[in-house]
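Remarks on the overall topology
So the chains spell out like this:
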Amino acid sequence: AIGPTPGSANDAWEYSFLRKEMKYLKEIVESGKPCLGVCCGGQMLSKVLGGEVVRSPRKEVGGYTVKLTEDGLDDQLFYGFPDGIPVCHWHSDMFTVPPGGKLLATGNPCPIQAYRKGNVWGVIFHLEITSKDAKRWADAYPEEPADIGKTVEQVINECEAVERDMERLASILIDNFLKIGSIEPTPSSKAPTFCSTVLPGTMDLMASASCSPVKGKPSILDAAPSNTTFSVLGFPASDVSAVESMK
């Protein structure tokens, strides 16, 4: 899974570690292993698959509801989800559905909220953040809520109002993603590779939704098959120093 960053996937080639990430993602996509991108992660995967990253009709910041399409309701990633999903947003750009892919979720004002193409899923929304994360983002970008007529307090309150529902749905989504990897092995591997993009000042889907202990549920480290590979920014899990050097 590839988490969010503060920037746009269109800027990826300006940073050496994101250039490495794009190369790595291309290899993962071609391997057939399940791959999930969140926000900028979904943008990067869309570009790898031939899609584009363009301006959303309007910036989305705060709490929203997105709606699953018929394809989304039938998709394994969203088993157990309601057709209307409470989410938090903080983005200006959106991805397009890659050629040959399916639109899984839509919303207003951003019409493309999730897609799938083969072994790749992308979502522009966040289920993994808390109101504390929203406050941290608001502290970093205090002018952005005003761009759409909201206050910082309103954005934090909107995220807080759906925080518990998002936590529950994030757990379901990760469980579904792990099941996809374990029940659909590819010829190239018996288990999926999970790649988490972690940048200073950003939240990571894996860490917040499933690596952190949830009462009565195992973490992703407990639930994943024993031969699952975890990596960060395209580096092997054993090379954590690579991430430390980028901070």
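Refer to the structure presented above.
Nothing here was measured: the structure is a model prediction, and the numbers come from that model.

Some remarks on the packing of helix α4 (residues 131-140) against helix α6 (residues 152-161)
- Interhelical geometry of α4 versus α6 gives an angle of 155° and a closest axis separation of 8 Å. One way to sum up the angle between α4 and α6 is to call them roughly antiparallel. The way α4 lies across α6 gives a crossing that is right-handed. Here α4 contributes Ser-131, Ala-134, Lys-135 and Ala-138 to the contact with α6, which in turn contributes Val-152, Ile-156, Cys-159 and Glu-160.
- Its residues placed into classes, the contact of α4 with α6 shows five nonpolar, one polar and two charged.

Brief notes about the sheet that holds strand β6 (residues 120-123)
- A sheet is described by the order of its strands in space; here six strands give the open sequence β1-β6-β5-β4-β2-β3, paired in mixed fashion. Only two strands of the sheet have a single neighbouring strand rather than two, namely β1 (35-38) and β3 (84-95). Neighbour to neighbour, the strand axes of the sheet diverge by 20° on average, direction disregarded.
- As paired elements, strand β2 (residues 53-68) and strand β4 (residues 102-106) share two bridges and run antiparallel to each other. By the bridge assignment, Leu-68 is partnered in β4 with Ala-105.
- Each of β1, β2, β3, β5 (114-117) and β6 touches helix α2 (residues 40-48); the most contacted strand, β1, lies at about 125° to it.

Details of the packing of aromatic side chains
- All chains considered together, the criterion is met by five aromatic pairs.
- Judged by centre distance (6.1 Å) and plane angle (45°), the rings of Tyr-15 and Phe-17 are tilted.
- Classification of Phe-17 as buried rests on a relative accessible area of 18%.
- Ring geometry for Phe-78 against Phe-81: centres 5.2 Å apart, planes inclined by 80°, an arrangement best described as edge-to-face. Here Phe-78 and Phe-81 have matching classes, each one buried.

A word on the pattern of salt bridges
- Tallying each qualifying case throughout the model produces eight salt bridges.
- Of the charged contacts, one joins Asp-147 and Lys-59 as a salt bridge, the two residues approaching to 2.7 Å between their closest N and O atoms. With Asp-147 in helix α5 (residues 144-147) and Lys-59 in strand β2, this pair connects stretches of sequence that are 88 residues apart.
- Judged by its relative accessible area of 18%, Lys-59 falls in the buried class.
- Between Glu-158 and Lys-150 there is a salt bridge, with the nearest N and O atoms lying 2.8 Å from each other.

Re the packing of helix α1 (residues 16-31) against α2
- As a packed pair, α1 and α2 sit with axes 10 Å apart at the nearest point and diverge in direction by 65°. Between α1 and α2 lies a crossing whose hand is right-handed. Contacts between α1 and α2 pair Leu-18, Glu-21, Met-22, Leu-25, Lys-26 and Val-29 from the former with Met-44, Leu-45, Lys-47 and Val-48 from the latter.
- Classifying every residue of the contact of α1 with α2 by side-chain character gives seven nonpolar, no polar and three charged.

The rules behind each value
- Residues numbered from 1 in each chain as written.
- Predicted model: local features only at pLDDT ≥ 70, side-chain atom pairs only at ≥ 80, totals over all residues.
- Heavy atoms only, no water.
- Axes fitted to C-alpha atoms, helices over the stretch in contact; angles between N-to-C directions.
- Helix = DSSP H or I, 4+ residues; strand = E, 2+ residues; numbered from the N terminus.
- Parallel < 35°, antiparallel > 145°, perpendicular 65-115°, else oblique.
- Left-handed = near helix turned anticlockwise from the far one by under 90°.
- Contact = heavy atoms within 4.5 Å.
- Nonpolar A, V, L, I, M, F, W, Y, C, P; charged D, E, K, R; others polar.
- Pairing = 2+ DSSP bridges.
- Phe/Tyr/Trp six-rings, centres within 6.5 Å; stacked < 30°, edge-to-face > 60°.
- Buried < 20%, exposed > 50% of the residue type's maximum accessible area, 1.4 Å probe, protein only.
- Salt bridge = Lys/Arg side-chain N within 4 Å of Asp/Glu carboxyl O.

Remember, this is a structural readout, not a statement about activity or role.
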